[in-house]
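Residue-level structure breakdown
Residues per chain, in single letters:
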Amino acid sequence: MTDLVIGADGLARCGWGASTPDYATYHDQEWGRPLRGDDALFERLTLEAFQSGLSWLTILRKREAFRVAFDRFHLETVAGYDESDVQRLLVNAGIVRNRSKIEAAVNNARAALDLPDGLSALLWSFAKTGQRAEPLTFADVPARTPESTALAKTLKQRGFRFVGPTTAYALMQATGMVDDHLVGCHARRTNPTGRSEPPVAAVMG
């Protein structure tokens, strides 16, 4: 896969973001843009956990089915799920039917509600401040960082499941806690001239 691709629309994109129409939309409109809000971040945390061992494209194409199945990822609703809800989800062909991941989602909703300042505040407290190396190629993008390792450790201590350092970093990338769009990509918040683009905050729930 080419690191940076110029699309038919003349825009430069990270290579993965030009590989399918689904990825192009996600790359252009969501990935790497700052996202806040407990329900919104719970959705991303849950989907990243479900993605473990699978292609993100699989999850992306099932995303609306996940949203319907999990009551739009409303924390209090999911935290109240019982075994009948787990069974309901296990027979839902629209999502990934994995008992461990489904039970982890319910558990994580309950753990999130126990956080004194909320899920969004906790996650964003691990966003690195100051300058960081700008990725020129895919080789410059790490799979995990000290911040994601610390975040995963804290989440585990708080009772969360299915969130290791790699999953935590994927979450940080997807929700704009770091900007791993390659230099030259039109979606990068700081373009090659150094001019900062305004962040787009999207809050769900």
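The structure displayed is predicted, hence computed values, not measured ones. (Residues numbered from 1 in each chain as written. Predicted model: local features only at pLDDT ≥ 70, side-chain atom pairs only at ≥ 80, totals over all residues. Heavy atoms only, no water.)

What to know about helix α9 (residues 146-157)
Taking 1.5 Å per residue, twelve residues should reach 16 Å; α9 reaches 17 Å between its end C-alpha atoms and fits that length. Restricting attention to buried positions, one finds in α9 the residues Ser 148, Leu 151, Ala 152, Thr 154 and Leu 155. The buried residues of α9 occupy one face: seen down the axis, they fall within an arc of 165°. What points out from α9, more than 90 degrees from its buried face, is the exposed set Pro 146, Lys 153, Lys 156 and Gln 157. Where the residues of α9 are buried, they touch α8 (119-124) and α10 (165-174). Directly beyond the C-terminal end of α9, a positive phi value near 100° is found at Gly 159. (Helix = DSSP H or I, 4+ residues; strand = E, 2+ residues; numbered from the N terminus. Expected span 1.5 Å × (residues − 1). Buried < 20%, exposed > 50% of the residue type's maximum accessible area, 1.4 Å probe, protein only. Arc of directions from axis to C-beta. Contact = heavy atoms within 4.5 Å.)

Here we look at the confidence of the model for the protein chain
Scored by pLDDT, the protein chain has a mean of 92; 93% of the residues are at 70 or more. For the stretch residues 192-205, pLDDT sits under 50, and the model shows 29 contacts to residues farther than four places along the chain or on other chains. (pLDDT = per-residue confidence, 0-100.)

Focus: the packing of aromatic side chains
The description of two aromatic rings rests on the distance between their centres and on the angle between their planes. According to the stated counting rule, one finds ten aromatic pairs in the structure shown. Taking the centre distance of 6.3 Å and the plane angle of 55° together, the rings of Trp 16 and Tyr 26 count as tilted. Of this pair, Trp 16 sits in the loop between β2 (12-14) and α1 (21-29) while Tyr 26 sits in helix α1, and the two are ten residues apart along the sequence. Residues Phe 42 and Phe 73 carry aromatic rings whose centres are separated by 6.0 Å and whose planes lie at 70° to one another, so their mutual orientation is edge-to-face. (Phe/Tyr/Trp six-rings, centres within 6.5 Å; stacked < 30°, edge-to-face > 60°.)

Observations concerning the layout of surface pockets
Roughly 500 Å³ of internal volume is contained in the largest pocket. Mapped by element, the contributors of at least two residues to the lining of the largest pocket are α1, α2 (38-51) and α10. Of the residues forming the lining of the largest pocket, the biggest block, five residues, is contributed by α10. Its residues assigned to classes, the lining of the largest pocket shows 13 nonpolar, four polar and two charged. (1 Å grid on protein atoms, 1.4 Å probe; cavity = no way out; pocket = protein on both sides within 12 Å on 5 of 7 lines; lining within 4 Å. Points joined across faces, edges and corners; volume = space filled by probe spheres on them. Nonpolar A, V, L, I, M, F, W, Y, C, P; charged D, E, K, R; others polar.)

Some thoughts on α10
Counting buried positions along α10 yields seven of ten residues, so the element is predominantly enclosed. Residues of α10 that are buried include every one of Thr 167, Ala 168, Tyr 169, Leu 171, Met 172, Gln 173 and Ala 174, and no others. As for α10, its buried residues are in contact with α1, α2, α8 and α9. Just downstream of α10, Gly 176 is the residue with a positive phi angle, here 80°.

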